[in-house]
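# Residue-level structural notes
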Amino acid sequence: MPRVETGACFCGAIAATMDGEPFWICYDHDDDCRRAIGSPLTVWVGYRPSQFNLLRGAPKAFSKTPGVIRTFCPDCGSAIGYSDEGLPDELYLTIGFFDKPEGLRPQAHAYWDLRLPWVDFADKLPRIDRYSRKRDAKFGNPSDR
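Everything in this summary refers to the structure shown in the same document. (Residues numbered from 1 in each chain as written. Predicted model: local features only at pLDDT ≥ 70, side-chain atom pairs only at ≥ 80, totals over all residues. Heavy atoms only, no water.)

Once that is clear, we can look at the pattern of salt bridges. In the structure shown here, the tally under the stated rule is six salt bridges. The shortest N-O distance in the salt bridge between Asp123 and Arg127 comes to 2.8 Å. Exposure remark for Arg127: the relative accessible area of 31% places this residue in the partly exposed category. Residues joined by salt bridges that share partners form a network here, namely Arg3, Glu5 and Glu21. (Salt bridge = Lys/Arg side-chain N within 4 Å of Asp/Glu carboxyl O. Buried < 20%, exposed > 50% of the residue type's maximum accessible area, 1.4 Å probe, protein only.)

See the structure below:
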């Protein structure tokens, strides 16, 4: 039976299913995401946009950085996800959007060089100083735009 994950925002106005296996799950220590999410770090779960099925509501979109679109619930403010033109056909959902996140285990740390010094990890996952995914170079690094 194919894997199906469900998710919703804090107030329940936005709900979705994610069909199939995520292609990438990663801790993110980047300061831009930290500010947007309101947490010392987040875990992003990567799916293809075709795997994301909105069941209820309409997320609001916001972009501070050209080419990077973040979505959230317009009612409760819960972060939902982001897409980046430099990572075509990839959609990342925040771990907090999932109803049962315990089965979504991170595979690496991204932006390790930007982590807060008091956040400590004893795992043996790869520590990558920037993006953990290969980005299209023509879009540059969002922090440089």
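One finds Met18, Tyr47, Phe52, Leu93, Phe97 and Phe98 to be the most contacted residues of the largest nonpolar core, which totals 22 residues. Broken down by secondary-structure element, the contributors of at least two residues to this core are strand E2 (15-19), strand E3 (24-28), strand E4 (42-47) and strand E9 (91-94). When residues of this core are assigned to their parent elements, the largest contribution, three residues, is made by E4. In this structure Phe97 touches Thr6, Gly7, Ala8, Cys9, Ile14, Ala16, Met18, Phe52, Ala79 and Ile80, once residues within four positions along its chain are discounted. Within the second largest apolar cluster, eleven residues are counted, among which are Cys33, Trp44, Ala110 and Tyr111. (Core = buried A, V, L, I, M, F, W, Y, C linked by side-chain atoms within 4.5 Å. Helix = DSSP H or I, 4+ residues; strand = E, 2+ residues; numbered from the N terminus. Contact = heavy atoms within 4.5 Å.)

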